[in-house]
Amino acid sequence: MSVRRLAKEQPASFAFSKATKAKADWWIAKYPAERRASAVIPILWLVQKQEGWVSEPAIRAIGELLGMPTIRVLEVATFYTMFMLEPVGSAALIQVCGTTPCMLRGAGELMKVCKSKIGPKDVLSADGRFTWQEVECLGACANAPMAQINDYYFEDLTPETMAQVIDDFAAGKKPKPGSRVGRHSSEPEGGALTLTDPKLYDGSAAQKIKKLPNSDPVTA
């Protein structure tokens, strides 16, 4: 595993927004005072939602807020790949799943589209609007190939639909997440093949029970 490092160029300072600070205080209040450091992960996430990434000044500010040494906050931030330690695209952070099911279904072609439209992976695009990465399994194997874009899953992708999604983000649009073939959840393409009769699961075909067994009160 490669070592994850902070970006070389850092902002001069960081300040919690009013909304972020209020949410951070809510998380801190969930723990005893001596355990306030337990809120470090959600507060790192709040900071990332505010700034788009987690900077070194932000890590120091989180440490001060939680009474933690800076190095302890840094250890958490560098351990979890969900935390971005350098600036990412302001329009879209595209994380293409490259694990076996997605790779067998064409993830490699999706990555070629990303490279041609955005540039090298793990590098902020020249206009600062896009970053794409190859990541490990995102848990949507039945709908492969797929990618997480910002906070949402885009599934059943093809090179053509991947290109369209990128173009939509570039145009300032908000493409709808989910399956590109109309699949609902992880059902087979075209719809469910089992339990197609609602009576099999909605309880309407069940016989009414007049009296539950063993429901009489216990007597001495």
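Everything below is about the structure shown above.
Not measured: the values here are computed from a predicted model. (Residues numbered from 1 in each chain as written. Predicted model: local features only at pLDDT ≥ 70, side-chain atom pairs only at ≥ 80, totals over all residues. Heavy atoms only, no water.)

Overview of the overall build of the chain
Here is step 1: Scanning the chain for helices and strands turns up 7 helices and 5 strands.
Here is step 2: Its helices and strands in sequence order give the chain the pattern α-α-α-α-β-α-α-β-β-β-α-β, from N to C terminus.
Here is step 3: Computed over the C-alpha atoms, the radius of gyration of the chain is 24 Å, more than 25% above the 17 Å expected from 2.2 N^0.38 for a compact globule of 220 residues.
Here is step 4: In terms of overall dimensions, the chain has a C-alpha envelope of 70 × 55 × 35 Å along the principal axes.
Here is step 5: Counting only residues that meet the buried cut, the chain has 36% of its 220 residues in that class.
Here is step 6: In the chain, the proportion of contacts linking residues at least 24 apart, taken out of those at least 6 apart, comes to 65%.
Here is step 7: Carbon and sulfur atoms make up 55% of the accessible area of the chain, which amounts to about 14100 Å² in all. (Helix = DSSP H or I, 4+ residues; strand = E, 2+ residues; numbered from the N terminus. Rg over C-alpha atoms; globule rule 2.2 N^0.38 Å. Buried < 20%, exposed > 50% of the residue type's maximum accessible area, 1.4 Å probe, protein only. Contact = heavy atoms within 4.5 Å. Areas by Shrake-Rupley, 256 points an atom, 1.4 Å probe, with all protein chains shown as cover.)

Re the sheet that holds strand β4 (residues 152-155)
Here is step 1: With respect to topology, 5 strands assemble into an open sheet ordered β2-β1-β3-β4-β5, the strand pairing being mixed. The open sheet has two edge strands with one neighbour each: β2 (130-135) and β5 (178-179).
Here is step 2: Relative to the sheet, helix α6 (residues 107-117) contacts β1 (92-97) and β2, its axis offset from that of β1 by approximately 155°. (Pairing = 2+ DSSP bridges. Axes fitted to C-alpha atoms, helices over the stretch in contact; angles between N-to-C directions.)

Points about a nonpolar patch on the surface
Here is step 1: A grouping of I41, W45, F79, Y80 and M82 is seen on the molecular surface, where their side chains present a nonpolar patch of about 460 Å² in accessible area.
Here is step 2: Inspection of the secondary structure puts M82 in the loop between α4 (70-79) and β1. (Patch = residues over 30% accessible without salt bridge, like charges linked within 9 Å, V, L, I, M, F, W, Y side chains within 5 Å. Salt bridge = Lys/Arg side-chain N within 4 Å of Asp/Glu carboxyl O.)

Regarding the pattern of salt bridges
Here is step 1: Inspection of every chain in the model, using the stated rule, returns 8 salt bridges.
Here is step 2: For E75, the salt bridge is made with R72, and the minimal N-O distance between the two is 2.9 Å. Residue E75 and its partner R72 are located together in helix α4, separated by 3 residues, close to a single helical turn.
Here is step 3: Residue class for E75 comes out partly exposed when judged on its relative accessible area of 38%.
Here is step 4: For K112, the salt bridge goes to E109, with nearest N and O atoms at 3.4 Å. Of the two residues, K112 and E109 are both situated in helix α6; the distance of 3 residues between them amounts to about one turn of the helix.

Section: the pairing of β1
Here is step 1: Counting buried positions along β1 gives 6 out of 6 residues, so the element sits mostly inside the fold.
Here is step 2: The sheet contact formed by β1 and β2 spans 6 bridges and is parallel. Its bridge partner lying in β2, L93 is registered against T131.
Here is step 3: Summarising the sheet, β1 and strand β3 (residues 147-149) pair through 3 bridges and their orientation is antiparallel. Within β3, the residue paired with I94 across the bridge is I149.

Re the side chain of Q133
Here is step 1: Mapped onto the elements, Q133 comes out in strand β2.
Here is step 2: A relative accessible area of 14% means that Q133 is categorised as buried.
Here is step 3: Once you skip the residues sitting within four places of it in the chain, Q133 turns out to touch M84, L93, I94, Q95, V96 and D122.

A look at the packing of aromatic side chains
Think of a pair of aromatic rings as described by two things: how far the centres are apart, and how the planes are tilted against each other in angle.
Here is step 1: The final tally for this structure, using the stated rule, is 5 aromatic pairs.
Here is step 2: An angle of 65° between the planes, with centres 6.3 Å apart, marks the rings of F154 and F169 as edge-to-face. Here F169 lies in helix α7 (residues 159-170) and F154 lies in strand β4, a separation of 15 residues in the sequence.
Here is step 3: Given a relative accessible area of 1%, F154 falls into the buried group.
Here is step 4: Following the ring pairs from residue to residue traces out a cluster consisting of F79, Y80 and F83. (Phe/Tyr/Trp six-rings, centres within 6.5 Å; stacked < 30°, edge-to-face > 60°.)

Regarding the packing of helix α2 (residues 40-51) against helix α3 (residues 56-66)
Here is step 1: Two elements in contact, α2 and α3, have axes whose closest approach is 11 Å; the angle formed by their N-to-C orientations is 140°. Relative to α3, the element α2 is oriented oblique. α3 is crossed by α2, and the crossing has right-handed handedness. Contacts between α2 and α3 involve V40, I43, L44 and V47 from the first element and A58, I62, L65 and L66 from the second.
Here is step 2: Split by residue class, the contact of α2 with α3 holds 8 nonpolar, no polar and no charged. (Parallel < 35°, antiparallel > 145°, perpendicular 65-115°, else oblique. Left-handed = near helix turned anticlockwise from the far one by under 90°. Nonpolar A, V, L, I, M, F, W, Y, C, P; charged D, E, K, R; others polar.)

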